[in-house]
Amino acid sequence: MSDTKEEPWTVLRLLEWTTNFFKSRGSESPRLDAEVLLAHARDCARIELYTAFSEVPTEEQRVAFREMIRRRGEGTPVAQLVGYREFYSLRFRVDENVLIPRPETEHLVIEALDVAKAMKISDRPIRIADVGTGSGAIAITLAKNIKNAEITAIDLSEPALKIATWNAEQLDVTDTVRFVHSDLFESVGEPSTFDIICSNPPYVSESEYEQLDPTVRDHEPREALVAGIDGMDVIKRLLETAPERLEVGGRLIIEISPMIAELCEELVEVTPALGDLRFIKDLSGQRRIISMARV
Ligand SMILES: C[S@@+](CC[C@H](N)C(=O)[O-])C[C@H]1O[C@@H](n2cnc3c(N)ncnc32)[C@H](O)[C@@H]1O
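Residues numbered from 1 in each chain as written. Predicted model: local features only at pLDDT ≥ 70, side-chain atom pairs only at ≥ 80, totals over all residues. Heavy atoms only, no water.

The protein has the name Release factor glutamine methyltransferase in an unreviewed UniProt entry, where Novipirellula caenicola is given as its organism. UniProt lists a comment for the protein under the heading Catalytic activity (unreviewed entry), and it reads "L-glutaminyl-[peptide chain release factor] + S-adenosyl-L-methionine = N(5)-methyl-L-glutaminyl-[peptide chain release factor] + S-adenosyl-L-homocysteine + H(+)". Regarding the protein, the UniProt comment filed under Sequence similarities (unreviewed entry) reads as follows: "Belongs to the protein N5-glutamine methyltransferase family. PrmC subfamily." (UniProt positions renumbered as here; feature names shortened; annotations may be inferred.)

Structure, rendered in structure tokens:
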């Protein structure tokens, strides 16, 4: 990206050059990556780039942009470079201590919102647990969208809980969400039972982990992704422990990998306290969420 007298480095030219560079580095979304990073360097909304194609960013903006291009080229995720990711139209701070919230997880949020709406609890708050809260994406989004919720957000990782707490403060839900450092429900005293338990647990197998894109494997926390030889370690424990923490008629909603959908179905079938299993598919038609009732 060197200067020539004839052709200035306009917004459009920077975007085109960077898109080609990211394409050559194997990015799945080279143009989007380039736009998000350039908007961040110019401190503007991405949409504003479209009316600024002929503008020439300042030297300071170009230096910042160049540094981000270098790091993205080495595999750092865009969300970590800009420090946030949008999830359900809310902005969540992220760093290397938390999983970057994924669009698939919005299906879990939609199911939890539907379930909460159908519960019609009016004499007390709806009690919800988010097990493995990471950045707080699920817990905070539910807090923003349910009027009378009381949410317990749990994680084993203290650095993740720090980020989640920061996000809850920024998004103004500290009255609704409390954070607990715990291995699943082990250190969660009160409330003893919940109406809804949600979780996007680690569900990648050891062998799948080795095959993951380095952008994920080398930059997001291993403990947020991997769950033993078959990816089932945390889900198995969750299916064992969650029923006793659920109100009868309450629901357990878990994000899964399509690869383990059958294993999950078999486990739920042999768990007498759980029934009415529903699968929710993602946009590519894959079984992505399991939702079941405490019977
Ligand atoms: C896949 S990430 C999900 C993060 C966030 N809920 C989201 O959807 O973006 C899984 C999270 O579970 C946490 N975790 C893993 N094992 C756990 C356990 N036994 N108890 C509590 N949290 C756990 C990890 O630290 C990580 O933050």
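Q: Mind showing me how you'd approach the UniProt feature "domain: Methyltransferase small" (unreviewed entry) in the protein here?
A: Cross-referencing UniProt, the feature "domain: Methyltransferase small" (unreviewed entry) maps to residues 126-208 in the present numbering. Between the end C-alpha atoms of residues 126-208 there is a gap of 37 Å, over a span that is 30% helix and 29% strand. (Helix = DSSP H or I, 4+ residues; strand = E, 2+ residues; numbered from the N terminus.)

Q: Explain the pattern of salt bridges to me, please; I cannot follow it from the model alone.
A: If the charged atoms of two oppositely charged side chains come close together, the side chains can form a pair. Summed over the entire model, instances satisfying the criterion amount to 20 salt bridges. A salt bridge links R31 to E35; its shortest N-O distance comes to 2.8 Å. Residue R31 and its partner E35 are both found in helix α2 (residues 30-42); the two are separated by four residues, about one turn of the helix. Classification of R31 by relative accessible area gives partly exposed; the value is 28%. Overlapping salt bridges bring together R31, E35 and R46 as one network. (Salt bridge = Lys/Arg side-chain N within 4 Å of Asp/Glu carboxyl O. Buried < 20%, exposed > 50% of the residue type's maximum accessible area, 1.4 Å probe, protein only.)

Q: Would you take a moment to explain the environment of V36 for this structure?
A: Structurally, the position occupied by V36 is in helix α2. Sequence separation between V36 and L81 is 45 residues; the distance between their C-alpha atoms is 9.8 Å.

Q: Can you help me understand the packing of aromatic side chains in this one?
A: We describe a pair of aromatic rings using the distance from one ring centre to the other and the angle between the two ring planes. Inspection of every chain in the model, using the stated rule, returns five aromatic pairs. With a centroid separation of 5.4 Å and 15 degrees between ring planes, the pair formed by W17 and F21 is classed as stacked. Residue W17 and its partner F21 are located together in helix α1 (residues 11-24), separated by four residues, close to a single helical turn. For W17, a relative accessible area of 32% puts it in the partly exposed group. Pairing F87 with F92 gives two aromatic rings, centres 6.2 Å apart and planes at 75 degrees, and the pair type is edge-to-face. Of the residues examined, F87 reaches a relative accessible area of 1% and is grouped as buried. Looking at F92, the relative accessible area reads 0%, which means it is buried. An aromatic cluster of at least three residues, connected via ring pairs, comprises W17, F21 and F22. Directly above the aromatic system of W166 lies the positively charged group of R93, at a separation of 4.8 Å from the ring centroid. (Phe/Tyr/Trp six-rings, centres within 6.5 Å; stacked < 30°, edge-to-face > 60°. Lys NZ or Arg CZ within 6 Å of the ring centre and 35° of its normal.)

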